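# Overview (structure and organization)
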Amino acid sequence: MTEQRNRIPRRDAEGRVLTLGDLLGVSLAGWVIGVLALVALDWGFTSLSSGEFGQANGWLAVILPAWLYWDDFRAWGFGAARVVAGLVAGAVGLTLGLVVAGLTADLPPVVSGGLGAAAFTVGYAVVWFHGVRWLARRTG
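Here we summarise the structure given alongside this text. All values reported here derive from a predicted model rather than from experimental measurement.

The number of helices and strands found in the chain is 5 helices and 0 strands. Referenced to the eigenvectors of the C-alpha coordinate spread, the extents of the chain come out at roughly 55 × 35 × 20 Å. Per-residue burial over the chain gives 41% buried out of 140 residues. In the chain, once contacts between residues fewer than 6 apart in sequence are set aside, the share between residues at least 24 apart is 71%. Once the 10 positive and 9 negative side-chain charges of the chain are each reduced to a mean point, those two points are 14 Å apart.

Here we take up the nonpolar core. Core analysis: the biggest nonpolar cluster contains 22 residues, and Leu23, Tyr69, Tyr124 and Trp128 have the highest contact counts within it. Secondary structure elements with two or more residues in this core: helix 2 (20-48), helix 3 (63-75), helix 4 (80-103) and helix 5 (109-139). The dominant element in this core, judged by the number of residues it contributes, is helix 5, at 9 residues. In contact with Tyr124, other than residues within four places in its own chain, are Tyr69, Gly86, Ala89, Gly90 and Gly93.

Judged by side-chain polarity, Val84, Val88, Val92 and Leu96 come together as a nonpolar surface patch covering roughly 280 Å² of accessible area. With respect to the secondary-structure elements, Leu96 resides in helix 4. By relative accessible area, which is 40% here, Leu96 ends up partly exposed.

As a further point, take helix 2. In this model helix 2 runs 42 Å from its N-terminal to its C-terminal C-alpha over 29 residues, within 8% of the 42 Å that 1.5 Å per residue would give. Taken as a whole, helix 2 has its buried residues at Asp22, Leu23, Leu24, Ser27, Gly30, Trp31, Gly34, Leu38, Asp42, Gly44 and Thr46. For helix 2, the elements touching its buried residues are helix 3 and helix 5.

Attention shifts here to helix 4. For helix 4, with 24 residues, the first-to-last C-alpha span of 34 Å sits near the 34 Å given by 1.5 Å per residue. Ala81, Arg82, Ala85, Gly86, Ala89, Gly93, Gly97 and Ala101 are the residues of helix 4 that are buried. Buried-residue contacts for helix 4 involve helix 3 and helix 5.

Quick look at unusual backbone geometry now. Along the chain, Ile8 connects to Pro9 via a cis peptide bond; the corresponding omega equals 0°. Tracing the backbone through its elements, the reader meets Pro9 in the loop between helix 1 (2-5) and helix 2.

Below, the discussion takes up the environment of Ala105. Here Ala105 shows up in the loop between helix 4 and helix 5. The class of Ala105 is exposed, set by a relative accessible area of 53%. Distance from Ala105 to Gly116, taken between C-alpha atoms, is 10.0 Å for residues 11 residues apart in sequence.

All right, on to the pattern of salt bridges then. In total, this model carries 5 salt bridges according to the counting rule given. Note that Arg16 is salt-bridged to Glu14, the shortest N-O span being 2.9 Å. For Arg74, the salt bridge is made with Asp71, and the minimal N-O distance between the two is 3.3 Å. Of this pair, Arg74 and Asp71 are both found in helix 3, 3 residues apart, which corresponds to roughly one turn of the helix. By sharing partners, the salt bridges in this structure join Arg11, Asp71 and Arg74 into a single network.

What counts and how
Residues numbered from 1 in each chain as written. Predicted model: local features only at pLDDT ≥ 70, side-chain atom pairs only at ≥ 80, totals over all residues. Heavy atoms only, no water. Helix = DSSP H or I, 4+ residues; strand = E, 2+ residues; numbered from the N terminus. Buried < 20%, exposed > 50% of the residue type's maximum accessible area, 1.4 Å probe, protein only. Contact = heavy atoms within 4.5 Å. Lys, Arg positive; Asp, Glu negative; His and termini not counted. Charge placed at Lys NZ, Arg CZ, Asp CG, Glu CD. Core = buried A, V, L, I, M, F, W, Y, C linked by side-chain atoms within 4.5 Å. Patch = residues over 30% accessible without salt bridge, like charges linked within 9 Å, V, L, I, M, F, W, Y side chains within 5 Å. Areas by Shrake-Rupley, 256 points an atom, 1.4 Å probe, with all protein chains shown as cover. Salt bridge = Lys/Arg side-chain N within 4 Å of Asp/Glu carboxyl O. Expected span 1.5 Å × (residues − 1).

Following this line, the structure appears as structure tokens:
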């Protein structure tokens, strides 16, 4: 059991992330890793061909945060609270991400998409964390 407590993100007995700080911290770390991997791949493909650097889709940086969110979604078990919270968090996160990506559309796709992915990551985490707990308390 002590091994479980030392893991990040910290989780309760059902496997749900305990704090918003853990959820945000781990998801943003995943976003950073995704951006770094995407830039490295873009640089590698650019050096092998005559393509232009920065043309990769920055939205791919959301893969690791989405994986964490899916894992937390599954940990909440069957119920309407997780479905509604997931849909609302997804809509809010996607809207924030698209607005940010739209405002930075003049930048290379890897940058504008990466910033959109960051906005999605933060927006989803905040709405999901508070929303699923609030709905679970209200629905029993």
